[in-house]
Amino acid sequence: MFAKPLHALIIIAIGIPAGILVAMAVVPGTPNDISVPGLEAPHSFPPLPKDPLPLEDRLNSTPLLLYAPVGGFSGPLYWVGGPDTITYNYTFYSRGFGPGNVTLTVTEVAMPLSTELVSPSPGIGTRINPDHFAINPTDVVTVPFTVSILPEGFRHNTTTRTFRIHAETDFMPNAVADDWIQIRMGDMPVSWVGYQTRPEFDRHDIAIRKGDRWSGNLTLHLGERETGPVRVWFKELDCDTMEMSSLDTPQPRSAGWPGISVSPDQFTGRSYGNYNLTTVIDTDSPRVAPGSYCYGTTIETPNGQTSFSFKVRVTS
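Worth saying up front: this structure is predicted, and the values here are computed from it rather than measured. (Residues numbered from 1 in each chain as written. Predicted model: local features only at pLDDT ≥ 70, side-chain atom pairs only at ≥ 80, totals over all residues. Heavy atoms only, no water.)

### Some thoughts on the overall build of the protein chain
Along the backbone of the protein chain there are 2 helices and 20 strands. Excluding contacts between residues fewer than 6 apart, the proportion of contacts in the protein chain whose partners are at least 24 apart in sequence is 75%. Carbon and sulfur atoms provide 52% of the accessible area of the protein chain, an area that totals close to 14400 Å². (Helix = DSSP H or I, 4+ residues; strand = E, 2+ residues; numbered from the N terminus. Contact = heavy atoms within 4.5 Å. Areas by Shrake-Rupley, 256 points an atom, 1.4 Å probe, with all protein chains shown as cover.)

### A short note on the nonpolar core
By size, the foremost hydrophobic cluster in this structure holds 72 residues, and its most contacted members are Tyr88, Tyr90, Leu104, Phe145, Ile149 and Phe310. The greatest single-element share of this core, amounting to 6 residues, is contributed by strand β9 (residues 139-149). (Core = buried A, V, L, I, M, F, W, Y, C linked by side-chain atoms within 4.5 Å. Buried < 20%, exposed > 50% of the residue type's maximum accessible area, 1.4 Å probe, protein only.)

### Let's talk about the sheet that holds strand β15 (residues 228-237)
Ordered in space as β13-β20-β19-β15-β17, the 5 strands form an open sheet in which the pairing is mixed. Unpaired on one side and paired on the other, β13 (205-209) and β17 (266-269) mark the two borders of the sheet. Within the sheet, the average angular offset between the axes of one strand and its neighbour, ignoring direction, is 30 degrees. Summarising the sheet, β15 and β17 pair through 4 bridges and their orientation is antiparallel. Following the sheet pairing, arginine 231 is matched in β17 by glutamine 266. (Pairing = 2+ DSSP bridges. Axes fitted to C-alpha atoms, helices over the stretch in contact; angles between N-to-C directions.)

### Considerations on the packing of aromatic side chains
A full pass over the atoms with the stated rule returns 16 aromatic pairs. With centroids separated by 6.3 Å and ring planes inclined at 35 degrees, the aromatic side chains of phenylalanine 308 and phenylalanine 310 adopt a geometry described as tilted. The same class applies to phenylalanine 308 and to phenylalanine 310, which are both buried. Ring pairs connect the aromatic residues Phe201, Trp214, Phe234, Trp257, Tyr293, Tyr295, Phe308 and Phe310, which therefore count as one cluster. (Phe/Tyr/Trp six-rings, centres within 6.5 Å; stacked < 30°, edge-to-face > 60°.)

Next comes the structure, spelled out in structure tokens:
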């Protein structure tokens, strides 16, 4: 085998889980999630667009990303050092929709997020099997997507090929289920920073009068192969050292600290999806004293963790 997980060969900022599935699985519910929006009965969904939207709009619609059927890639990213066969996971979540049918097609395109077709690369074959399946509400279907690189398809100079999976459903016009995978090859692996998860916060220095509440957006841009469970939590930091005063896992709020929450804090995420998550900070507890309070925000995705910090100044 020539294909190697990139985390062993180049510098990247996120971790890589080991192992990939190579068989289709139909699983009721979403066993990898603790609490996932989108599994309620359809009548309990928030209003969703009824007319078909362009793919770009769907990738920027938080309600669709949280409640509509979604599908995308997960698993390690490989560097291909010679002729080889590589398999990735594509997973489709029906959520509360169906029954119906899903049809998958594969094309080679110019780059991620593009639908511009390019001539198929000679010596590189792709297969997704099955490419058509029936699905019911709350089903989760995982199918293998295989890329075979023959000797005539391998390039010794650093080269990237991008493939798009198009998902056609007959039961929901705005499923967010198209995705892209990049195949990187060459004699020597190179440093690469591509489409990685990144968060954006309204402000990093927030002033709140004691007794008041602040509300803003945490915008989360999920990267390549990030379809799967996402969890967001806050940890308390020492403002002088910015070191954690709690474990790097969700912890109860310490007495005397402002309350802080994000909604939702757990959901099934989608590769390349852009999520606007409502964040609320309140200082209504009588034990919250004027002063500075610092927080670290951790975003846990299928491929690792991303974090940033911010300060809350409580004024009298």
